[in-house]
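Take a look at the letters that make up each chain.
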Amino acid sequence: MTVRVGVLTGGGDAPGLNAAICGLARRLLAANAELIGFVDGWRGLMEDRTRSLQHENFQHLLVYGGTLLGSSGDNPYRDPATSVPKVLATLQRHRLDALVTIGGEGTLGAADRLFREHQVPVVGMPKTIDNDLEATDFTFGFFSAVEVATRAMDDLRSTADSHSRVMVVECMGRHAGWITAYAGVAAGAEAVLVPERPVQIEDLCQNLGRLRQSGARSAIVAVAEGARLFEGGNCLSSMEKDEFGEYKTGGAAATLARRIQANLGWDARHVVLGHLQRAGKPIAFDRIFALRLGARAARLVLERRFGYMAAMRAGEIVEVPLQAAVAARKTLTGQFLDRYESFFMPIGGP
Ligand code: F6P
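This structure is a prediction, so every number in the text was calculated from the model and none was measured. (Residues numbered from 1 in each chain as written. Predicted model: local features only at pLDDT ≥ 70, side-chain atom pairs only at ≥ 80, totals over all residues. Heavy atoms only, no water.)

A. Quick peek at the site of the ligand. Close contacts around the ligand come from Ile129, Asp130, Met172, Gly173, Arg174, Glu225, His275 and Arg278, and that covers them all. In the environment of the ligand, an oxygen atom lies 2.9 Å from a nitrogen or oxygen atom belonging to the side chain of His275. Looking at side-chain class alone, the shell around the ligand contains two nonpolar, two polar and four charged residues. (Near = heavy atom within 4 Å. Polar contact = N/O pair within 3.5 Å; in protein donor to acceptor, adjacent residues only side chain to side chain. Nonpolar A, V, L, I, M, F, W, Y, C, P; charged D, E, K, R; others polar.)

Structure follows, in structure tokens:
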């Protein structure tokens, strides 16, 4: 009997989503399975909106950013009493043997609960540019975002040098500083400010002041959107929460640039990289990584092994329980922070 498989992509898009669908589809279609795409993440299952994937040109698709299925942050557990029965009904209507969910903590968290509470046959794949998912070394999309941020900082150095300025560059990452840390270190930023290390603006200014006195013409300050900024013991970062209960972010780089210029008299500008970090084509690594994850997810489906996520551990593609992936957020490790201490502690630090 033909195996019928549904697939959805949820949460913020990330370069490599189409490659992940491609890896999954190639393996499944070769096994004569039927693949049905749900549109706009979990919303597609709640509203029963589908897109056939039987005749896509996956070979061409895998190079493109975004997701051909569309995505949304909707989650059936936001209003479980109404939404979970809708999801279960859609699964039944399509007589699905498996559901592959490609996403981050929110998307995979819902998949894990549906598996444990309703025995939905799910398989997961880890996607987020933030790289904040446990049980996998990396998520696809992360290195593409790092590449965008690194190149931006590299390019900003020349204009910063020309005008003898500080350039404050804001990277995505509400809870975890992975993008900021990798890009900041790779671009030789003078300071790297991440949510894992609260920042005293006075200390930062003091250290940048010393740097300037020592003859530096420019400085790059890489700051995560979720960095916690303190001044005179007060937290300047927003304590307001959004509709999903997350701290509202935005404005970290602008605040810092204003403070640096006011405190030091050193001309400072800020750049918010924003969604450029999620846009465009995935780098080759993410394409191959996502293809491999997709192929492993297909294998899990064909072997009828559910409740797992395909993941990367020490360079190998492995299977991990979904529950382990969503148990906690993966933030920058102490080991990483120690290894690059001089970047996180602004130059000449206390
Ligand atoms: O989680 C991925 C992410 O890109 C975060 O880094 C960022 O804070 C958030 O999504 C932005 O979400 P939205 O696309 O809804 O503005």
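B. Region of interest: the nonpolar core. Counting residues in hydrophobic clusters, the biggest one holds 68 residues, and the most contacted among them are Leu24, Val100, Ile102 and Ile179. Per-element tally for this core: the top contributor is helix H6 (residues 142-163), with nine residues. If we skip the residues at most four places from it in the chain, Ile102 touches Val7, Leu8, Thr9, Gly10, Leu17, Ala20, Ile21, Thr107, Met125, Lys127 and Phe140. With 26 residues, the next largest nonpolar core counts Leu8, Met46, Val84 and Leu108 among its residues. (Core = buried A, V, L, I, M, F, W, Y, C linked by side-chain atoms within 4.5 Å. Buried < 20%, exposed > 50% of the residue type's maximum accessible area, 1.4 Å probe, protein only. Helix = DSSP H or I, 4+ residues; strand = E, 2+ residues; numbered from the N terminus. Contact = heavy atoms within 4.5 Å.)

C. Spatial organisation of the packing of aromatic side chains. Considering all chains together, one arrives at 14 aromatic pairs under this definition. Both rings, one in Phe143 and one in Tyr182, keep their centres 5.8 Å apart while their planes meet at 75 degrees; by these two values the pair is edge-to-face. You can see Phe143 sitting in helix H6 and its partner Tyr182 sitting in helix H7 (residues 178-186), a full 39 residues away along the chain. In this structure Phe143 comes out as buried when scored by relative accessible area, which is 18%. For the pair Trp178 and Tyr182, a centre-to-centre distance of 6.4 Å together with 45 degrees between the ring planes defines the contact as tilted. Taken together, the positions of Trp178 and Tyr182, both in helix H7 and four residues apart, correspond to about one turn of that helix. (Phe/Tyr/Trp six-rings, centres within 6.5 Å; stacked < 30°, edge-to-face > 60°.)

D. Representation of the packing of H6 against H7 in the model. Packing of H6 against H7 brings their axes to within 8 Å, and their N-to-C directions diverge by 45 degrees. One finds that H6 runs oblique with respect to H7. Judged by the sense of rotation from one axis to the other, the crossing of H6 with H7 is right-handed. Mapping the contact onto sequence places Phe142, Phe143, Ala145, Val146, Ala149, Thr150 and Met153 in H6 and Trp178, Ile179, Tyr182, Ala183, Gly184 and Ala186 in H7. (Axes fitted to C-alpha atoms, helices over the stretch in contact; angles between N-to-C directions. Parallel < 35°, antiparallel > 145°, perpendicular 65-115°, else oblique. Left-handed = near helix turned anticlockwise from the far one by under 90°.)

E. Representation of unusual backbone geometry. Although it is not a glycine, Asp48 adopts a positive phi angle of roughly 50 degrees. One can find Asp48 in the loop between helix H2 (42-47) and strand S3 (50-52). On the basis of relative accessibility, which here comes to 25%, the residue Asp48 falls in the partly exposed class. Phi at Ala314 is positive, roughly 50 degrees, even though this residue is not glycine. One can find Ala314 in the loop between strand S13 (308-313) and strand S14 (316-321).

F. Summary view of the sheet that holds strand S1 (residues 4-9). Strand order across the open sheet formed by seven strands is S3-S2-S1-S4-S5-S13-S14, with mixed pairing between neighbours. One side of each edge strand has no neighbouring strand; the edge strands of this open sheet are S3 and S14. On average, each strand axis in the sheet is tilted by 30 degrees relative to the strand beside it, whichever way the strands run. Alignment of S1 against strand S4 (residues 98-103), held across five bridges, turns out to be parallel. Within S4, the residue paired with Val7 across the bridge is Val100. (Pairing = 2+ DSSP bridges.)

G. Expanded view of the pattern of salt bridges. According to the stated counting rule, one finds 21 salt bridges in the structure shown. Here Arg43 makes a salt bridge to Asp74, at a shortest N to O gap of 2.7 Å. Taken together, the residues span a long stretch of sequence, with Arg43 in helix H2 and Asp74 in the loop between helix H3 (58-61) and helix H4 (80-93) at a distance of 31 residues. Judged by its relative accessible area of 24%, Asp74 is partly exposed. (Salt bridge = Lys/Arg side-chain N within 4 Å of Asp/Glu carboxyl O.)

H. Quick look at the pairing of S13. Of the strand pairs in this sheet, strand S5 (residues 122-126) and S13 are connected by two bridges, and their pairing is parallel. Across the sheet, residue Gly124 finds its bridge partner in S13, namely Met309. In this structure, S13 lies alongside S14, joined through six bridges in antiparallel fashion. In the strand pairing of S14, Ala311 is matched with Val318.

I. Just the sheet that holds strand S7 (residues 191-193), in detail. The strand order across the open sheet formed by four strands is S7-S9-S6-S12, and the pairing between neighbours is parallel. Two strands in the sheet have a free side with no partner beyond their single neighbour: S7 and strand S12 (268-272). In this sheet, adjacent strand axes meet at a mean angle of 15 degrees when their direction is disregarded. The sheet contact formed by S7 and strand S9 (residues 219-224) spans three bridges and is parallel. Within the sheet, the bridge partner assigned to Leu193 lies in S9 and is Val223. In the packing of H6 onto the sheet, the strands contacted are strand S6 (166-171), S9 and S12, and the crossing angle to S6 comes to about 165 degrees.

J. Inspection of the side chain of Thr255 at higher detail. Looking at the element boundaries, Thr255 is found in helix H9 (residues 252-264). Overall, Thr255 belongs to the buried group, its relative accessible area being 16%. Within polar-contact distance, the side chain of Thr255 engages the backbone oxygen of Gly251 at 2.8 Å. Not counting the four nearest positions on each side in its chain, Thr255 is found in contact with Leu229 and Leu236.

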